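The primary structure of each chain is shown beneath.
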Amino acid sequence: KHEESLRIKVKNLGHDHIDVAKSLNNIGIVYRKLGKNKEALEKYEESVRIKVKNLGHDHIDVATSLMNIGNVYSNLGKNKEALEKYEESVRIKVKNLGHDHIDVAASYCNIGLVYRRLGENTKALEYHNRDLEISVKNLGHDHMDVASSLLGIGNVYKALGENEQALAKYEEAL
């Protein structure tokens, strides 16, 4: 259905219309969920190109698509490429939404995950702690996203061999 919608939009609006970019992004999401990362990446990149052309590079919709591209790179184990897209996305989010917005927290979580995979646990801990701080501020202590943030911190402590601190964060997440 998404492909048919895309075909109709391109025919009626032209390939570089913002609605075409939104459809491309949606198709990318479906491809990513199906594990078709190459196809997802192509759709996301074309979506970004159109969004930048129509909205400018620093628009929040561009940040969302960059985050999606980062997710694909992360799925592919291309951590440096994922980190680059996540950092570009978070820069745009901070500019548009401010440092304490919950969408910024989600970006910090993704950046923390990549740093942990790269073995840069000090940086991972820094980003997971930023994620936690913003999440608690916006959602309160009893939210599932806060529990996920605590698990991320616990996982970094575990990777550092600091099992007591890891256990404390895991228990706090319960």
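The structure displayed is predicted, hence computed values, not measured ones.

(A) Structural detail: the nonpolar core. Counting residues in hydrophobic clusters, the biggest one holds 44 residues, and the most contacted among them are Ile69, Tyr86, Val90, Val104, Tyr108, Ile111 and Tyr115. For this core, the elements supplying multiple residues, two or more each, are α2 (18-33), α3 (37-55), α4 (60-75), α5 (79-97), α6 (102-117), α7 (121-139), α8 (144-159) and α9 (163-173). When residues of this core are assigned to their parent elements, the largest contribution, seven residues, is made by α4. Ignoring sequence-local partners within four residues, the contact set of Val90 consists of Val104, Ser107, Tyr108 and Ile111.

(B) The packing of α8 against α9, seen in detail. Contact pair α8 / α9: the axes reach a minimum separation of 8 Å and the direction vectors enclose 165°. As summarised for this structure, α8 and α9 are arranged roughly antiparallel, according to the angle between their axes. Here the hand of the crossing between α8 and α9 comes out left-handed. Note on element contacts: α9 touches α8 through Asn163, Gln165, Ala166, Lys169, Tyr170, Glu172 and Ala173, opposite Ala147, Leu150, Leu151, Ile153, Gly154, Asn155, Tyr157 and Lys158. Looking at side-chain class alone, the contact of α8 with α9 contains eight nonpolar, four polar and three charged residues.

(C) Looking closely at the pattern of salt bridges. Under the defined criterion, the tally for this structure stands at nine salt bridges. One salt bridge in this structure joins Lys53 and Asp16, with 2.6 Å as the shortest N-O distance. On the criterion of sequence distance, the pair formed by Lys53 in helix α3 and Asp16 in the loop between α1 (2-13) and α2 is long-range, its members being 37 residues apart. A relative accessible area of 25% places Asp16 in the partly exposed class. The network of salt bridges with shared partners includes Asp16, Glu46, Arg49 and Lys53.

(D) Spatial organisation of the packing of α2 against α3. Interaxial distance between α2 and α3 falls to 8 Å at its minimum, and their mutual angle equals 160°. With respect to their mutual orientation, α2 and α3 come out roughly antiparallel. Considering the relative orientation of α2 and α3, their crossing is left-handed. Each of Ile18, Val20, Ala21, Leu24, Asn25, Ile27, Gly28, Ile29, Tyr31 and Arg32 in α2 lies in contact with α3, whose residues at this interface are Asn37, Glu39, Ala40, Lys43, Tyr44, Glu46, Ser47, Ile50, Lys51, Asn54 and Leu55.

About the cut-offs
Residue numbering note: each chain is counted from 1, following its sequence as written. Where local features are concerned, this predicted model is filtered to residues with pLDDT of at least 70; where side-chain atom pairs are given and counted, the filter is 80 or more; whole-chain, interface and lining totals use all residues. With hydrogens and water stripped out, all remaining heavy atoms of the structure feed into the side-chain values. To form a nonpolar core, buried Ala, Val, Leu, Ile, Met, Phe, Trp, Tyr and Cys residues must be joined to one another through side-chain atoms within 4.5 Å. Only protein chains enter the calculation, and the probe is 1.4 Å; a residue is then buried if its accessible area is under 20% of its type maximum, exposed if over 50%, and partly exposed in between. Strands here mean DSSP runs of E at least two residues long; helices mean DSSP runs of H or I at least four residues long; both are numbered from the N terminus. Here, residues are in contact when the closest pair of their heavy atoms is within 4.5 Å. Fitting a line to C-alpha atoms yields each axis, with helices limited to the stretch in contact; the angle taken between N-to-C directions then spans 0 to 180 degrees. In these notes the angle categories are as follows: under 35 degrees is roughly parallel, over 145 is roughly antiparallel, 65 to 115 is roughly perpendicular, and the rest is oblique. Note on convention: near helix rotated counterclockwise from far helix by under a right angle means a left-handed crossing. Clockwise means right-handed. Side-chain classes follow a simple rule in which Ala, Val, Leu, Ile, Met, Phe, Trp, Tyr, Cys and Pro form the nonpolar group, Asp, Glu, Lys and Arg form the charged group, and the remainder, Gly included, forms the polar group. By definition, a salt bridge exists where a carboxyl oxygen of Asp or Glu is found within 4 Å of a side-chain nitrogen of Lys or Arg.

Read these as geometric descriptors, not functional statements.
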